[in-house]
Amino acid sequence: MVEAIRDAHIVAMERDEKVVVFGQDVGYFGGVFRCTHGLQQRFGKHRCFDSPINESAIVGAAIGMGAYGLRPCVEIQFADYVYPAYDQIVSEAARLRHRSAGDFTAPITIRMPTGGGIFGGQTHSQSPEAIFTHVAGLKTVIPSNPYDAKGLLIASIEDDDPVIFLEPKRLYNGPFDGHHERPIVPWSAHPLGEVPDGHYTVALGTARIHRAGNDLTVLTYGTLVHVAQAAAEETGIDAEIIDLRSLVPLDLATIVESVRKTGRCIVAHEATLTSGFGAELSALVQEHALWSLEAPVVRVTGWDTPYPHAHEWNYFPGPARLGAAMRATLDAR
Amino acid sequence: MSDHIPEAGGEPLRLRIPEPVARPGDPPAFRDLHIDRAGEVRRPPIDVAAADIIDLGADMIRVLDVRGEAVGPWAGTLGADELRAGLRDMLTVRAFDARMLRAHRQGNTSFYMQSLGEEAVSCAHRRALDPRDMCFPTYRQQGLLITAGYPLVDMVNQIYSNSHDPLRGRQLPVMYSSQAAGFFSISGNLGTQFIQAVGWAMASALSSDTRIASAWIGDGATAESDFHSAMVFASTYHAPVILNIVNNQWAISTFQGFARGDSATFASRGHGFGIAALRVDGNDYLAVHAVSSWAAQRARANHGPTLIEWVTYRVGAHSTSDDPTAYRPQDEPSTWPLGDPIERLKNHLIRIGEWSDERHQQCADAVDAVVRAAAEEAERHGTLRSEHSAPSSMFDDVFASMPDHLRRQREQAGY
Ligand SMILES: Cc1ncc(C[n+]2csc(CCOP(=O)(O)OP(=O)(O)O)c2C)c(N)n1
Ligand SMILES: [Mg+2]
């Protein structure tokens, strides 16, 4: 997925010279996860450059460049370090178009690795999507595979509004399904690891049916798409797994159609439970498909604690927990 | 818009993107580093006005000269026993780092960060403080903890996330916490502690206490807004705090020029705030101790904060996840002009007739044995790979008392 993200940068930068890329360690070195590797050599150090360690400044400067007419795509080294930039994102980027009645806009993309699974402890593991989806004026995107990562990132950079682009870091090197005790499976062995050359986009606001099924619907995104797949295989439950890909805008039609078909719904994410995006999904399903439901909507999420270091696999909502929730949802009446 | 055509005669604007002097493949060079001769920089009284020592923000205070002699007005703060203790502290830190890197390779821990080459900064500073003073460190100040006498075995327990981990498996390795040892809980988020230290110092003053705080930050992290927050509060309230910048030349792959260190010294940032600012040879144990003592006395005598730039070099990788050969010349560490802090202190002690190569070797061996014993003892309590503290403990300490929703989740998790 790292290569797909790098490729998306190259495509976007080649098509539009207004695309500039910066962030901590992204220039000469190419990013601590190597997602911008080679961009500086290829496009020069005025199109891809290192920045001082100040997240608020990275986003604030991107907003200023966007106001000028550039299209910055910036990297926050870990989602856990985005909080110093929160004011710039929430009070400024998100509202600039609205408050100036379209006079100024912030066509910026803010990339950041998200999620756990690398023994990163509480400051390299968080999934903060809900603090962005809660803000009017922000788009929030999270790919689960290389094909989507490239198409969504190009679409995000080309989008005229600010996009928060969350990259599940545990998926950088393969379709991790929660079985941390097993060897890593590389993307090269997975159909979604195949990434076409050149320009293509995945439209923001379109979900993808990752696995079609009839027993129940799993609404999820990011790493948990693969966890849900493993849980379905291991339980033998014919789950329909919907990879939302984009949380705002959201593909409500695909969600509702699936839940009306299956009558049962599980919402899964790695982020904490309370006020998580799962609450939004659960409310939407209730509003739009209540009369089709044969069981309560169930949320499977990280616990409401900081992400632990040693106990990360007790925290991570893995295939066992998701499988148990699937069984319970099927048994519910 | 960018297709705007400059008016006739108008020159197109250009942006400067800083570049380090040397990258991999280039010969290493520290030609921009300003170094004064040992003993040459003056030592003002502790109540000096910040405006009267502007020069000390650009000079480099040094005590040990090339021969290993302690010279100049900053010399003489330590006796031979104290110097030997300092040497032992630094050797312990170095041995500890080496052992933990090995433990990482063996899979006993997920992560480690060494302070190779920077040991003098934290070891000498801690000995200039009172045990009851509070440090707000970054992840590279293990020297503060070791010098304060914190049990090595508990450090290893934390690094191994084992059943005796004082932080109960919650924190990334090296993110220690010990109120008793004057060591504030380390955060992974850069810079946050800098202003917190100022707040702690303000509280001490508000409470008519006598304790001071010591704040720590890296060269790279001075770019964070929290650095400037700390400066403005410290200066506004004359907080009894020492503001330490460890300029080890690198922030992961980014050289110090990106935090503006190539345009002016880090110390000089104190000037705009009216904060006394000193730039010091951070690999000179005697200089670190003398300047730290000066700043501590100044704070304790209600003369306010001091900003100190410790000039040093990160000899090792940023962390076990990093490979510096990708962004700096391989032999850059060996050309660092300020040398190695342990070697320099050792040479000084030998020069004054208080040490020998044999005693040094004995000391190094003794220290190795102590570190090994601590690691072995910790291993008996488990490592990341084996058993650790109960997972149920992750639900503790989220709040002072557990609310119902967490109790329900803990049950759901099976604990
Ligand atoms: C708020 C925040 N942003 C980014 C990071 C990622 N990060 C960790 S260490 C580091 C470099 C820090 O360099 P410096 O301050 O010079 O300290 P050093 O590692 O050299 O001791 C970076 C960018 C972080 N931990 N926190
Ligand atoms: Mg540094």
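Residues numbered from 1 in each chain as written. Chains lettered and ligands numbered in written order. Predicted model: local features only at pLDDT ≥ 70, side-chain atom pairs only at ≥ 80, totals over all residues. Heavy atoms only, no water.

Time to look at the pattern of salt bridges. Residues and elements named next belong to chain A. One pass over the structure, following the stated rule, counts 41 salt bridges over all chains. Between Asp-16 and Arg-71 there is a salt bridge, with the nearest N and O atoms lying 3.9 Å from each other. Taken together, the residues Asp-16 in the loop between α1 (2–15) and β1 (19–23) and Arg-71 in strand β3 (residues 71–75) connect sequence positions 55 residues apart. On the accessibility criterion, Asp-16 (23% relative accessible area) is partly exposed. Overall, Arg-71 belongs to the buried group, its relative accessible area being 17%. With its nearest N and O atoms 3.0 Å apart, the salt bridge here joins Arg-245 to Asp-148. (Salt bridge = Lys/Arg side-chain N within 4 Å of Asp/Glu carboxyl O. Helix = DSSP H or I, 4+ residues; strand = E, 2+ residues; numbered from the N terminus. Buried < 20%, exposed > 50% of the residue type's maximum accessible area, 1.4 Å probe, protein only.)

Now for the sheet that holds strand β9 (residues 239–243) of chain A. Residue and element names in this part refer to chain A. Overall, mixed pairing links the five strands, which are arranged β7-β9-β8-β11-β12 in an open sheet. With one partner strand each, in any of the chains shown, β7 (208–211) and β12 (298–302) form the two edges of the open sheet. Here the strands of the sheet are splayed against their neighbours by 25 degrees on average, with no regard to which way each runs. Two strands pair when backbone bridges link them, and strand β8 (residues 216–220) and strand β11 (residues 265–272) are joined in this way by three bridges, in the parallel orientation. For Thr-217, the partnering residue across the bridge sits in β11 and is Cys-265. (Pairing = 2+ DSSP bridges. Axes fitted to C-alpha atoms, helices over the stretch in contact; angles between N-to-C directions.)

Below, the discussion takes up the packing of aromatic side chains. The relative placement of two aromatic rings is captured by the distance of their centres and the angle of their planes. For the structure on display, the rule yields 23 aromatic pairs over all chains. Pairing Phe-22 of chain A with Phe-49 of chain A gives two aromatic rings, centres 5.1 Å apart and planes at 5 degrees, and the pair type is stacked. Here Phe-22 of chain A, found in strand β1, pairs with Phe-49 of chain A, found in strand β2 (residues 48–50); they are 27 residues apart in sequence, far enough to count as distant. For the pair Phe-22 of chain A and Phe-49 of chain A, a shared accessibility class is recorded, and that class is buried. Members of the aromatic cluster, connected to one another through ring pairs, are Phe-33, Phe-78, Tyr-81 and Tyr-172 of chain A. Residue placement shows Arg-43 of chain B over the ring face of Trp-74 of chain B; its charged tip is 5.2 Å from the ring centre. (Phe/Tyr/Trp six-rings, centres within 6.5 Å; stacked < 30°, edge-to-face > 60°. Lys NZ or Arg CZ within 6 Å of the ring centre and 35° of its normal.)

Below, the discussion takes up the coordination of the magnesium ion (ligand 2). Each donor-metal-donor angle in an ideal tetrahedron of four donors is 109.5 degrees, and each such angle in an ideal octahedron of six donors is either 90 or 180 degrees. Residues and elements named next belong to chain B. The protein atoms that coordinate the magnesium ion (ligand 2) are Asp-219 (OD), Asn-248 (OD1) and Trp-250 (O), at distances spanning 2.0 to 2.1 Å. Expressed as a motif, the donor residue spacing for the magnesium ion (ligand 2) is D-x28-N-x1-W. Side by side, Asn-248 and Trp-250 carry an identical accessibility label, which is buried. (Donors = N, O, S within 2.8 Å, 3.2 Å for Na, K, Ca; no water.)

All names here are of chain A. Entries for chain A in the domain assignment read domain 1 (2–193) and domain 2 (208–331). Averaged C-alpha coordinates put domain 1 and domain 2 at centres separated by 25 Å. Contacts between the two partners involve 35 residues from domain 1 and, on the opposite side, 31 residues from domain 2. Summed over both partners, the interface of domain 1 with domain 2 buries about 2600 Å², with 62% contributed by carbon and sulfur atoms. Of all residues in domain 1, Phe-119, Glu-129 and Ile-142 give up the largest surface area on contact with domain 2, accounting jointly for 20% of the area buried on that side. (Domains from an automatic or database assignment. Contact = heavy atoms within 4.5 Å. Buried area = accessible area lost by both parts, 1.4 Å probe.)

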